[in-house]
Structure formats: C-alpha cells, structure tokens
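# Structure at a glance
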Amino acid sequence: MLIRIAGLVSESYVDGDGIRFAIFMQGCLRRCEGCHNPETHALDGGRLVDTAKIIAKIKKNPLLDGITLTGGEPLLQIDAANEIACAAKSFGLSVWCYTGYNFEELPHDAEPLLENIDVLIDGAFIERLRDLDLQFRGSRNQRIIDIKKTREQNKIVLWSEIGG
Ligand code: SF4
C-alpha cells in the first residue's frame, strides 16, 4: 500500500516515550495558526512510499521502543497508518499517534486504527495555549491519552510515564 509522507525520523527522542520511529504523514486541512510543520499541509506534497519499505525499516532496528504516527494529519490516511501500526504491534512495539481531532470527535473509520494505538495525542495546536514546558505536545488543550485504559474504563484516562 502506498502512503504519502513528509518524512521519516528513524530514531526520535521527542515524539513520544523512549526511542521511536516517527512517520511524518503528509496532508492536513486544519491550518492551525503557528503550526510547526506547514510543509506537511499540501495533500499532494511530500512523497509516496510503499508501507512495506517503512515496515522493513522499523523491523530492522532492535533499539526502538515504538513508532509514532504524526504529521500532518495521520487520520487522513487511516488504512496506510493502520497497516504500519499493525506491523509495529506484531514486532512488540508501542504505537503513538498524533491527531488534530479531539478524541470525542474521532471519525468512525478510525476505529480499526484505534485498536492498534496505545497512546493518542489529540486536538489541534492552539497558539494561545502554547506551552513550551509541555511534554510531547505543543498546546495545553492537547491530551496524551492512554487509549487502552480509556476504552476499558469508558472515560478519558491520560497516559502516565509510571505504568504508562
Ligand atoms: S493539526 Fe497539526 S499539522 Fe495540522 S495544521 Fe494543526 S498543528 Fe499543523
């Protein structure tokens, strides 16, 4: 399957917990003021890559703790994102995903992807709520959500490093 990406970072220390393979997916329609990655907005920008190539790169690095789907808006390419997420889970890796959607307004077709996500950082970047002290997110409205616990308990449970 083809995926349109803005770029890959094979060992990231800033896109989630531990050492992560970060996939910057191309395409976002939100245009948040102050967005740090405006080059990821164009739906026809970036480049097309075979998901199998990305999965092979992930598989061959034994140092990884997980992968992170970011962008851009990963939910604009749910099937491709899910193929990579599913493979990462089969390698024993955790899956983090950023989205401009709030958890409560996720599209229904995100459900299969959610099953393979451990942590979702939700919500669009809001410049007036920007806070440089926040870990793994840009503005205070964004939440780092433990998806497994949230689904089990049927209420938002935030990720915590201890036991997270
Ligand atoms: S959702 Fe993310 S990538 Fe899209 S415009 Fe907002 S900050 Fe930028």
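Scroll up to find the structure this text is about.
Let us look at the structure shown here. Just so it is clear, the structure is predicted and the values come from calculations on it, not from any experiment. All residue numbers refer to positions counted from 1 along the written sequence of the respective chain. Where local features are concerned, this predicted model is filtered to residues with pLDDT of at least 70; where side-chain atom pairs are given and counted, the filter is 80 or more; whole-chain, interface and lining totals use all residues. Computation of side-chain values covers all heavy atoms of the structure but excludes hydrogens and water.

### Regarding the packing of aromatic side chains
Working definition: a ring pair exists when centres of Phe, Tyr or Trp rings (six-membered ring for Trp) sit within 6.5 Å. Plane angles under 30 degrees give stacked, over 60 give edge-to-face, the rest tilted. Taken as a whole and assessed by the stated rule, the structure comprises three aromatic pairs. Taking 5.4 Å as the distance between ring centres and 85° as the angle between the ring planes, the aromatic pair formed by tryptophan 96 and phenylalanine 136 counts as edge-to-face. Here phenylalanine 136 lies in the loop between β6 (119-122) and β7 (143-146) and tryptophan 96 lies in strand β5 (residues 94-98), a separation of 40 residues in the sequence. Throughout, exposure labels follow a simple rule: accessible area from a 1.4 Å probe, protein chains only, divided by the maximum for the residue type, with under 20% read as buried, over 50% as exposed, and the rest as partly exposed. Given a relative accessible area of 2%, tryptophan 96 falls into the buried group. Between tryptophan 96 and tryptophan 159, the ring centres sit 4.9 Å apart and the planes meet at 75°, which makes this aromatic pair edge-to-face. One end of the pair, tryptophan 96, is in strand β5; the other, tryptophan 159, is in the segment after α4 (147-153), with 63 residues separating them in the sequence. Judged by relative accessible area, which is 10%, tryptophan 159 ranks as buried. Among the aromatic side chains, those forming a connected cluster through ring pairs are Trp96, Phe136 and Trp159. We call a charge positioned over a ring when the NZ of a Lys or the CZ of an Arg lies within 6 Å of the ring centre and within 35 degrees of the ring normal. When the ring centre of tyrosine 101 is taken as origin, the NZ or CZ atom of arginine 30, which lies over that ring, is 4.7 Å away. Helical segments are the DSSP runs of H or I of at least four residues, strand segments are the runs of E of at least two, and each set is numbered from the N terminus.

### Thoughts on helix α1 (residues 51-59)
Those residues of α1 that fall on the buried side of the exposure criterion are Thr51, Ile54, Ile55 and Ile58. An end-on view of α1 places all buried positions within 100° of arc, on one side of the element. Residues are treated as being in contact if the distance between any of their heavy atoms lies within 4.5 Å. Each element contacted by the buried residues of α1 is listed here: β1 (2-12), β2 (20-25), β3 (47-50), β4 (66-71) and α2 (78-90). In protein, a polar contact means a hydrogen-donor-capable atom and an acceptor-capable atom, both N or O and within 3.5 Å, with residues adjacent in sequence counting only if both atoms are side-chain atoms; elsewhere, any N or O pair within 3.5 Å suffices. Where α1 starts, the residue carrying a side-chain oxygen 3.0 Å from the main-chain nitrogen of alanine 52 turns out to be aspartate 50. Here the arc refers to the set of directions running from the helix axis out to each C-beta atom.

### Digging into the pairing of β6
The two faces of the sheet receive side chains in turn, since in a regular strand these alternate between them. On β6, burial covers both faces: Val119 and Ile121 on one face and Leu120 and Asp122 on the other are all buried. Judged from the three bridges that link them, β5 and β6 form a sheet pairing that is parallel. Directly across from cysteine 97, in β6, lies its bridge partner leucine 120. Sheet analysis places β6 next to β7, joined by four bridges and oriented antiparallel. Each residue of the ladder has a partner; that of valine 119, found in β7, is aspartate 146. Between any two strands, at least two bridges found by DSSP are needed for them to pair.

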